[in-house]
Amino acid sequence: MSRPRIPYNPLTRTGRVLWCMALAAFSAVLMLFWSPAHADDSEALRAESPYFAVNSSEPGTDRLPLKSTDVNVKIAGVIADVTVTQHYRNEGQRPIEARYVFPGSTQAAVHAMTVKLGGRVLTARIKEKEQARIEYQAAKREGKTSALLEQRRPNVFEMNVANILPGDDVAVELRYTELLRPTDAQYGFVFPTVVGPRYNSPSAAAHNGGAIGGAYLKQGTASNAPLTLRVVLDTPLPVRAVASPSHEVMIDGIGSTHAAVSLKPSEQPANNRDFILNYRLAGDRIEAGLVLYRGTPDDGDEGGAENFFLAMVEPPKAVAPREINPRDYIFVVDISGSMHGYPLETAKVLLRNLIGGLRPSDTFNVMLFSGSNRMLAPASVPATRANIEQAIRTINEMGGGGSTEIVPALKRVAALPKAEEVSRSVIFVTDGYVSVEAEVFRLIRQNLNQFNVFSFGIGTSVNRHLIEGMARAGQGEAFIVTKPEQAAAQAERLRRIIETPVLTQVKASFEGIDAYDVEPLQLPDVLGGRPVVVFGKWRGEWAGKFVLEGRAADGPYRQVLTALPDGQGPSALRQLWARQRIAALSDQEALEGGSTQKAQITELGLRYSLLTPYTSFIAVDQRVRNSNPSQTQPVDQPSPLPEGVSNHAIGAEVPSTPEPGAIAALLVVLGIVIAGVWPSRRRRRKE
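Notes on the structure follow.

Below, the discussion takes up the overall build of the protein chain. Tallying secondary structure elements over the protein chain gives 13 helices and 33 strands in all. Counting the 687 residues in the protein chain, one finds 53% classified as buried. The long-range share in the protein chain, meaning contacts at least 24 apart out of those at least 6 apart in sequence, stands at 76%. As displayed, the protein chain offers around 31,000 Å² of accessible surface, 53% of which is attributable to carbon and sulfur atoms.

Right, dumping it as structure tokens:
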């Protein structure tokens with residue numbers, strides 16, 4: 001027996017309109033709370049997320065205690081010795097605690113800190129991180145002026161200076177060394193000046209052990225803390241050419257082995273972008289060689305003085321093979337809010353060069369990501385002229401907006417199907433303003449059998465820790481593009497690297513030398529014009545040879561290096577070796593998750609007096625200077641936004657461009673509304 005049919009009673013016109021309005025309102029609310037960008041702003045801790053500095057209404061508190069930054073760089077051969085002095089002065093009427101987040105080089109080995117206060121010099125000590133925090137908090141409560149330097153990332157540091165009294169002038173001096181690795185016989189020194197605002201998703205904030213954030217000045221607002229910088233070059237061969245693509249500089253000593261570079265006075269701010277200095281030596285060759293340092297009792301090495309060596313070998317020139325196997329390329333492009341404007345326009349130029357240079361036998365695909373991600377095609381397509389033009393049209397239509405969910409994008413790339421015989425390269429294009437570096441590195445390593453990663457950092461102050469770490473984890477190469485006019489050359493360089501690895505099966509060995517603790521343990525294939533660099537220790541007398549072997553495009557390769565046995569090289573080799581070992585342990589820790597290498601990293605940091613994720617520098621004035629420390633005002637020193645980065649990079653106060661998913665949802669709502677209203681209009685016309 002069939003059920004009686006219930007008559008269909010359509011809604012009245014007013015009812016349909018009300019129904020559509022209710023549905024639209026519900027969808028809008030759902031989008032608002034579903035949006036990752038909104039979640040980032042509302043759920044992340046205020047103190048951990050980037051935000052705009054707000055002028056204080058308290059006239060007695062100095063909200064801008066950092067008055068200046070002075071940088072002195074001495075480059076001897078391939079080692080840079082950098083001294084950074086930050087001057088803090090309290091021009092207010094109350095004691096303050098200054099907190100300042102600032103960047104450093106990705107290769108920096110920070111090994112010393114001193115504090116100058118009232119004509120006295122306080123030498124900081126390296127301590128286990130938690131112990132240093134305890135001592136700093138105790139000194140702060142007791143009213144003692146103290147300074148704490150911590151590492152937030154290998155290239156991001158945080159300085160806290162407590163009990164700066166009204167009228168105080170406190171100078172904090174940091175010293176670090178770094179190895180300069182030339183590319184195509186060109187040497188480069190980079191001094192980052194500002195940390196870009198890092199997106200920190202709600203899920204990442206709970207697990208990444210501390211987001212990178214702080215106060216920022218709004219777009220176009222200059223910092224009140226000027227930057228002065230001077231570089232002195234002492235090289236074995238005459239300096240042939242020196243140039244800075246980032247700043248206007250004054251240069252002395254071209255053509256000699258001693259040159260000096262300093263910033264030219266300018267009304268334009270100098271501290272809102274990386275300072276980059278490039279130079280070449282006479283002969284246009286990489287200065288390959290072997291440097292030894294024989295340890296002394298003053299080094300403080302436990303168990304006897306240690307000896308260190310550094311070997312740098314120029315690779316053979318690339319030889320184009322006669323036939324190149326077909327390749328597949330996945331271009332992953334960051335279109336988040338921080339890429340809005342100049343960075344995204346530069347990325348478009350770069351992509352047009354990269355994709356436009358593919359061969360017909362290649363296949364490719366394009367992923368655009370911000371809070372969500374989408375592919376150009378469900379699967380890779382042949383690099384035909386029609387497909388390339390379609391990709392370029394899509395890229396040209398891109399606009400920057402929304403958050404930076406790089407991990408879901410990477411997971412989707414890893415899940416893309418791939419034939420076994422195809423060699424796939426993934427090219428990431430981003431400014432790297434995220435806080436999930438360790439998770440990204442881990443994902444790349446876990447999928448190394450699927451693809452190699454080449455990363456392009458776009459912008460004037462990119463997150464080089466992420467850009468270089470992705471390439472290292474993916475056994476690829478990192479590229480930095482600061483200006484659109486550099487895009488074509490960098491795209492051509494990537495093409496050369498991918499087509500012609502210059503040295504494979506690379507091995508280092510020693511003849512007549514008792515070498516140990518050699519870094520890296522395994523040498524990767526050599527790509528494009530970069531030298532092979534090996535650190536290590538040695539015992540006894542140096543009376544042998546360092547041998548590098550591998551397979552080049554035209555056959556077996558072998559190079560032998562010898563050195564004078566006096567061991568009078570720079571003592572900085574101690575810190576550089578330790579920095580290399582700590583980086584390797586950190587990479588291993590990122591792969592395993594947790595703090596599996598904490599004990600070893602801590603031991604290295606304490607032994608070689610190095611700033612690490614688990615060690616910090618602390619300096620304490622033993623005099624009680626603040627009689628009422630509980631009234632001390634904390635002040636976050638604001639940083640300028642990187643040049644070319646707009647207010648869209650900070651979503652808390654500036655509306656961001658809707659995510660692609662949000663746009664799609666809006667279209668769905670619009671479609672429902674039209675579907676609800678259109679039939680009634682059609683009926684009215686018929687009537």
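Our focus in this paragraph is the sheet that holds strand β32 (residues 615-624). If you trace the six strands from one edge of the open sheet to the other, you get β7-β32-β8-β9-β4-β33, paired in mixed fashion. Across the chains shown, the open sheet's two edge strands, defined by having one partner strand only, are β7 (125-128) and β33 (633-636). Each strand of the sheet is rotated relative to its neighbour by a mean of 25°, with strand direction disregarded. Where strand β8 (residues 144-153) meets β32, five bridges bridge the pair, whose relative direction is antiparallel. Residue pairing for β32: A147 is matched across the bridge by A619. Across the sheet, helix α12 (residues 598-608) lies against β7 and β32, angled at about 165° from β7, the strand it touches most.

The subject of this paragraph is the pattern of salt bridges. Taken as a whole, this structure holds 41 salt bridges when the rule is applied. Residues E492 and R495 are paired through a salt bridge, measuring 2.4 Å at the closest nitrogen-oxygen approach. Residue E492 and its partner R495 are located together in helix α10 (residues 487-499), separated by three residues, close to a single helical turn. Here R495 falls in the partly exposed class, since its relative accessible area comes to 34%. The network of salt bridges with common partners includes E306, D517, E519, K537, R581, E603 and R607.

We now examine helix α5 (residues 342-356). Over its 15 residues, α5 runs 21 Å from end to end, which matches the ideal 21 Å to within 8%, given 1.5 Å per residue. Listed in full, the buried residues belonging to α5 are P343, L344, T346, A347, K348, L350, L351, L354 and I355.

Attention shifts here to helix α8 (residues 437-446). Taken together, the buried positions of α8 are E437, V440, F441, L443, I444 and R445. Residues of α8 that are buried in the fold lie against β8, α7 (406-415), β25 (452-458), α9 (464-473) and α11 (572-592).

Strand order in the open sheet formed by eight strands is β6-β5-β10-β3-β2-β13-β16-β15, and the pairing between neighbours is mixed. Each edge of the open sheet carries a strand with a single partner, namely β6 (120-123) and β15 (249-252). Across the sheet, the axes of successive neighbouring strands diverge by a mean angle of 15°, strand direction being ignored. As defined by bridge partners, β15 adjoins strand β16 (residues 258-263) across four bridges and the pair is classed as antiparallel. Along β16, the bridge assignment pairs D252 with A260. The sheet strands contacting α11 are β3 (79-89), β5 (109-117) and β10 (169-179), and the helix crosses β10 at an angle near 75°.

One finds Y88, M113, L149 and M159 to be the most contacted residues of the largest nonpolar core, which totals 78 residues. No other element matches the seven residues that α11 contributes to this core. Each residue touching Y88, except ones within four places of it in the same chain, is listed here: P65, L66, A98, Y100, M159, V161, I164, D168, D169, V170 and V172. Formed by 36 residues, the second largest nonpolar core is a distinct cluster that contains I335, I355, V381 and I497.

Relative to the elements of secondary structure, V381 occurs in strand β23 (residues 381-382). Between the C-alpha atoms of V381 and Y329, which are 52 residues apart in sequence, the distance is 9.8 Å. Not counting chain neighbours up to four residues away, the residues in contact with V381 comprise D362, T363, F364 and N387.

Take the packing of α5 against α10 next. Between α5 and α10, whose axes approach to 9 Å, the crossing angle comes to 40°. You can see that α5 and α10 cross each other, and the crossing is right-handed. Only A487, A488, A491 and L494 of α10 make contact with α5, whose side of the interface consists of V349, L350, N353 and L354. Looking at the contact of α5 with α10, its residues break down into seven nonpolar, one polar and no charged.

With that out of the way, let us pick up the packing of aromatic side chains. Taken as a whole and judged by the stated rule, the model has 12 aromatic pairs. With a centroid separation of 6.3 Å and an interplanar angle of 80°, the aromatic rings of F308 and Y608 are classed as edge-to-face. A residue pair is termed long-range when its members are at least 10 positions apart, and F308 in strand β19 (residues 307-313) and Y608 in helix α12 qualify at 300 residues. The class of F308 is buried, set by a relative accessible area of 0%. Seen from their ring centres, F309 and F510 are 5.4 Å apart, and the 70° between their planes marks the pair as edge-to-face. Residue F309 is found in strand β19, and its partner F510 is found in strand β27 (residues 504-511); the two are separated by 201 residues along the sequence. Here K218 stacks its cationic end above the ring of F52, 5.3 Å away from the centre of that ring. For the cation-ring pair, R539 lies above Y516, with the distance from its terminal atom to the ring centre recorded as 3.8 Å.

Our next topic: the environment of S571. Summarising the element assignment, S571 is placed in the loop between β31 (555-561) and α11. In the structure, S571 is positioned 278 residues away from Y293 in sequence and 6.2 Å away in space, judged by C-alpha atoms.

Mapped onto the fold, T404 is located in the loop between α6 (385-396) and α7. Relative accessible area serves as the criterion here: at 7%, T404 is assigned to the buried category. A polar contact of 3.1 Å, which involves the side chain of T404, links it to the side chain of S336. When neighbours within four sequence positions are excluded, T404 is seen to be in contact with Y199, D334, S336, F369, S370, Y433 and V434.

Another aspect to go through is the environment of G300. With respect to the helices, strands and loops of the structure, G300 is situated in the loop between β18 (289-293) and β19. C-alpha separation for the pair G300 and S609, spaced 309 residues apart in sequence, amounts to 9.9 Å.

How each quantity is defined
- Residues numbered from 1 in each chain as written.
- Predicted model: local features only at pLDDT ≥ 70, side-chain atom pairs only at ≥ 80, totals over all residues.
- Heavy atoms only, no water.
- Helix = DSSP H or I, 4+ residues; strand = E, 2+ residues; numbered from the N terminus.
- Buried < 20%, exposed > 50% of the residue type's maximum accessible area, 1.4 Å probe, protein only.
- Contact = heavy atoms within 4.5 Å.
- Areas by Shrake-Rupley, 256 points an atom, 1.4 Å probe, with all protein chains shown as cover.
- Pairing = 2+ DSSP bridges.
- Axes fitted to C-alpha atoms, helices over the stretch in contact; angles between N-to-C directions.
- Salt bridge = Lys/Arg side-chain N within 4 Å of Asp/Glu carboxyl O.
- Expected span 1.5 Å × (residues − 1).
- Core = buried A, V, L, I, M, F, W, Y, C linked by side-chain atoms within 4.5 Å.
- Left-handed = near helix turned anticlockwise from the far one by under 90°.
- Nonpolar A, V, L, I, M, F, W, Y, C, P; charged D, E, K, R; others polar.
- Phe/Tyr/Trp six-rings, centres within 6.5 Å; stacked < 30°, edge-to-face > 60°.
- Lys NZ or Arg CZ within 6 Å of the ring centre and 35° of its normal.
- Polar contact = N/O pair within 3.5 Å; in protein donor to acceptor, adjacent residues only side chain to side chain.

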